[in-house]
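Observations on the three-dimensional arrangement
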Amino acid sequence: MTAPRRLLLVNGPNLNLLGTREPAIYGSQTLADVEALVRETAAAHGFEVEAVQSNHEGVLIDAIHAARETCSGIVINPGGLTHTSIVLRDALSGVALPVAEVHISNVLEREAFRHHSYVADVALVHVIGEGVAGYATATDRLIQVIAGQSEG
Ligand code: CA2
């Protein structure tokens with residue numbers, strides 16, 4: 001079966017607040033801007049995007065499970081779940097799709113509790129601290145990975 005030309009974009013808890021608070025850390029663009037950027041970037045390669053944001057871990061996990069049938073890769077900013085969630089990590093490794101992990105801020109230069117990511121070693125692409133533009137970088141790099149897989 002040919003791989004679907006569709007990506008899942010996952011944004012975790014509190015990312016619905018983008019553009020409303022803490023602009024010094026997260027910038028002034030909104031979640032709608034992020035979703036539009038990823039759609040535009042993916043469309044340049046002929047990919048569609050299904051976007052989900054939730055403040056509820058189970059909703060994110062259900063979306064990741066559903067992507068197994070409908071998508072060929074996942075771009076994810078897990079928000080604070082990055083640093084806490086073994087179940088989110090298990091969902092990502094369970095569906096066995098290529099994953100791109102994005103963080104808007106440079107988590108490695110922030111508080112020590114943000115330095116560890118449970119998602120990092122199940123992701124093939126990591127883009128950290130490039131602001132919202134990092135979602136476009138992550139999308140491009142993930143599509144390159146998918147293209148490489150379908151060649152091999
Ligand atoms: O830098 C990132 O993208 C983070 O994943 C964002 C998470 C944070 O817990 C991670 O350590 C790093 C927080 C998302 C909350 O986003 C907000 C945006 C605007 C206002 C308030 C929160």
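Here, the structure is the one placed above.
What comes next concerns the included structure. (Residues numbered from 1 in each chain as written. Predicted model: local features only at pLDDT ≥ 70, side-chain atom pairs only at ≥ 80, totals over all residues. Heavy atoms only, no water.)

Here we take up the overall build of the protein. The number of helices and strands found in the protein is five helices and five strands. Counting helices and strands in the order they occur from the N terminus, the protein gives β-α-α-β-α-β-α-β-β-α. Taken against the 2.2 N^0.38 rule, which gives 15 Å for 152 residues, the C-alpha radius of gyration of the protein at 14 Å falls within 12% of a compact globule. With the C-alpha coordinates aligned to their principal axes, the bounding extent of the protein is approximately 45 × 30 × 25 Å. Within the protein, buried positions represent 44% of all 152 residues. Look at the contacts in the protein between residues 6 or more apart in sequence, and 76% of them connect residues 24 or more apart. Positive and negative side-chain charges in the protein, numbering 9 and 17 respectively, have mean positions lying 1 Å apart. (Helix = DSSP H or I, 4+ residues; strand = E, 2+ residues; numbered from the N terminus. Rg over C-alpha atoms; globule rule 2.2 N^0.38 Å. Buried < 20%, exposed > 50% of the residue type's maximum accessible area, 1.4 Å probe, protein only. Contact = heavy atoms within 4.5 Å. Lys, Arg positive; Asp, Glu negative; His and termini not counted. Charge placed at Lys NZ, Arg CZ, Asp CG, Glu CD.)

Looking now at the sheet that holds strand β5 (residues 125-128). Taking strand neighbours across the sheet as the criterion, the five strands line up as β2-β1-β3-β4-β5 in an open arrangement whose pairing is parallel. Only two strands of the sheet have a single neighbouring strand rather than two, namely β2 (48-53) and β5. Each adjacent strand pair in this sheet contributes to an overall mean axis angle of 15 degrees, direction not counted. Note that strand β1 (residues 6-11) and strand β3 (residues 73-77) share five bridges and pair parallel. Opposite Leu8, over in β3, you have Ile74 as the bridge partner. Running at roughly 160 degrees to β2, helix α2 (residues 31-43) makes contact with β1 and β2 of the sheet. The sheet strands contacting helix α5 (residues 133-151) are β1, β3, β4 (99-103) and β5, and the helix crosses β5 at an angle near 170 degrees. (Pairing = 2+ DSSP bridges. Axes fitted to C-alpha atoms, helices over the stretch in contact; angles between N-to-C directions.)

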